[in-house]
Amino acid sequence: MKRIHFIAFNIMAAIFIITAVLGINGCHKNKSQTDYNILVIHSFDSLYTWGKEIKEGINDAFSHHNLSVKIRHFYLNCEMLNARQEIDTLSRLLDEYTYDPPHMILIEDDQATFSLITSNHPITHIVPIIFSGVSYLNCDILTGYNNITGFECKRDFIACYKLAKHIIPNITRINILTDSTVLGQSSRKEFLKQWQTVSQTEKEKIKIKFIPYREMKTFRVLYPFYNASKGDIFILPKWDFIISQFSNISAQPFFTVCNEGIGENITGGILGGIFTLPYQQGFDGANLAAQILKGEKTITNVPLQYHKDRPVFDWPQIKRLNISKSQLPENSFIYNIPIYEKYKTEFIIIILTAFILLFFLIFLYLLEKKKKKRIQIRLHNKQELLEQALQVGNFHTWSYDLITRKLTFDKHFFQSTGLPLTENYKINRISLIRRIHPDDRRNVYNTLLSSIYGKDAKVVVQFRISLNSPDEYEWWETHFSLSPYISYSNAQIYGLCSSIEHIKQREMELIVARDLAAKAELRQSFVANISHEIRIPLNAIIGFTNLLSDENAFTPNERQSFIKTINRNCNILLKLINDILELSKLEANTISLVSEPCNMEQILELVYSQHKMRIPESIQFSI
């Protein structure tokens, strides 16, 4: 049965290799054509905190290459399993992909890498596998595999020691935490191998102590951490969750050569070390996988590579051990550093800029306030002058709200008119219109409408209004206009009003004086005319009377004619005197009219006789 199973796997492997080669060489260049299935195997459980950074690096790498991938993350949880259990767990996982293998397998860290390769599962021979974050790679287990490559982490103990020495110059003892596991023993050998490269002086000066913490009893295991001397440092070849129980009770720093146990929101008690960042670890593996899937590289031709290392520190441990940030190398990466510490220079620049800006704004505010104060003083002075001018000229300001339909007057209006003072100096429009003379209301209303609807920009209207007594009207005049507005709701009419009663009285006096002057002029003209009219009959009477004094000069008929002329002119003179008397009665309005019959011929002869002396000779007049 097992043989049949093995043959089936070989056939499936051949088919998969052909398909993979074709796919790798040409079919995976377009994201929109294929979704790649990626299996990512993590060494630890799903709660290990630096795994989040690894996943971010993986996602960013595939996004960078514009590949559409379906990623499954599997967590081995190696700390709870022995070597045999790890292999069995991974074998069961790969059995799920017997008939539908993934396009690529990514492995994170040593434990999952070692267990997956040593499982010798058929899929491990046909699917491209890339491991990352492996510190202690046993190259012997890669024998027979041409589909596996990856990235190693440099477990550089000497670089870690030099980093510690950069912070703590007087190191007297290096404590290496180790255990009896394969990785523990490998790390011990690796450290001793690297330590041989340091100078003889340092070897003599610095003591090396290996602490097998898992084989020690509770009290004894706490002693080297709690009673560490000032020149002690601790170096972790690999991460163990128990370490955090010891590191936080020690006054001396813990360093590491792996990227486990230190990261965002991790309280592992590790000060720092030289290693690859988890994000970089995930990005490197996924970036290489993307290049292989796109056909840019072939996995059989990709050699083993090293991740890029850098100094990494944990901010809470820096503060706990009273280490200055200036003691750290310039290219250091610091986990859990507060944002104000991470961007301290930027914060200082921002604060200084904000302070300068605030100072400038305060300066502008004070300058504007001073300017505003001067303007207010000027405005107040002008307002005082205006009020004085209005009071001297007996003018009053008013406004009309088109919404509330109320007029607002100044306080002086109520004082000068004697009207009762109202709230906010407002008067209802209806109550004010009722005080206007009935003959003037229509004119006032039409003028107001003309201003509202924009027919007249500036309006002047005169009207009579009763302010004190209902029967006593006083002449007033108002000038007003509609103010510019955005909407009808804030439209206002502003105006000035004043009493013109004294002007109207003066106008009446002028009219009376004009009439009197006209009458005086008429009287003067009348006197001039009447004197001329009186002189004519008087001259006739005097002339003919003188002629009658010479009795021998004229015949009796002529003398009789002269007497008739004298009598006629006497009647004319009497008539003029009667007319003067009648005019005086007319002016005194005491004239009385009498209706009686008249002889038109006599009247015409009388008129003719009165005016014949002034009739030119060329004009003939006959009755």
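Rules behind the numbers
- Residues numbered from 1 in each chain as written.
- Predicted model: local features only at pLDDT ≥ 70, side-chain atom pairs only at ≥ 80, totals over all residues.
- Heavy atoms only, no water.
- Helix = DSSP H or I, 4+ residues; strand = E, 2+ residues; numbered from the N terminus.
- Rg over C-alpha atoms; globule rule 2.2 N^0.38 Å.
- Buried < 20%, exposed > 50% of the residue type's maximum accessible area, 1.4 Å probe, protein only.
- Contact = heavy atoms within 4.5 Å.
- Pairing = 2+ DSSP bridges.
- Axes fitted to C-alpha atoms, helices over the stretch in contact; angles between N-to-C directions.
- 1 Å grid on protein atoms, 1.4 Å probe; cavity = no way out; pocket = protein on both sides within 12 Å on 5 of 7 lines; lining within 4 Å.
- Points joined across faces, edges and corners; volume = space filled by probe spheres on them.
- Nonpolar A, V, L, I, M, F, W, Y, C, P; charged D, E, K, R; others polar.

A. The overall build of the protein chain, seen in detail. Each helix and strand counted, the protein chain has 19 helices and 19 strands in total. Scaling as 2.2 N^0.38, a compact globule of 623 residues should have a C-alpha radius of gyration of about 25 Å, whereas the protein chain reaches 63 Å, well beyond that. A total of 623 residues make up the protein chain; the buried ones form 40% of that total. Put simply, of all contacts in the protein chain between residues at least 6 apart along the chain, 61% involve residues at least 24 apart.

B. Broad picture of the sheet that holds strand 17 (residues 458-465). Reading across the sheet, the six strands line up as 16-15-14-19-18-17 and stay open at both edges, with antiparallel pairing between neighbours. Whereas interior strands pair on both sides, the edge strands pair on one side only; in this sheet they are strand 16 (426-428) and strand 17. Taken over all neighbouring pairs, the strand axes of this sheet differ in orientation by 30° on average, direction set aside. Here seven bridges tie strand 18 (residues 474-482) to strand 19 (residues 492-499), and the two strands are oriented antiparallel to one another. Residue pairing across strands places serine 481 opposite tyrosine 494, the latter belonging to strand 19. Helix 16 (residues 438-452) contacts strand 17, strand 18 and strand 19 of the sheet and is inclined by roughly 160° relative to strand 17. Across the sheet, helix 17 (residues 501-549) touches strand 17, strand 18 and strand 19, and the angle it forms with strand 18 is around 125°.

C. Up close: the layout of surface pockets. Here the largest pocket defines a volume of roughly 660 Å³. The wall of the largest pocket is formed by 26 residues, among which Glu86, Gln111, Thr181, Val182 and Leu183 lie closest to the centre. For the lining of the largest pocket, the secondary-structure elements that each account for two or more residues are helix 3 (83-95), helix 4 (110-118) and helix 6 (182-195). By residue number, the principal contributor to the lining of the largest pocket is helix 4, which donates four residues. Tallied by class, residues from the lining of the largest pocket come to eleven nonpolar, seven polar and eight charged.

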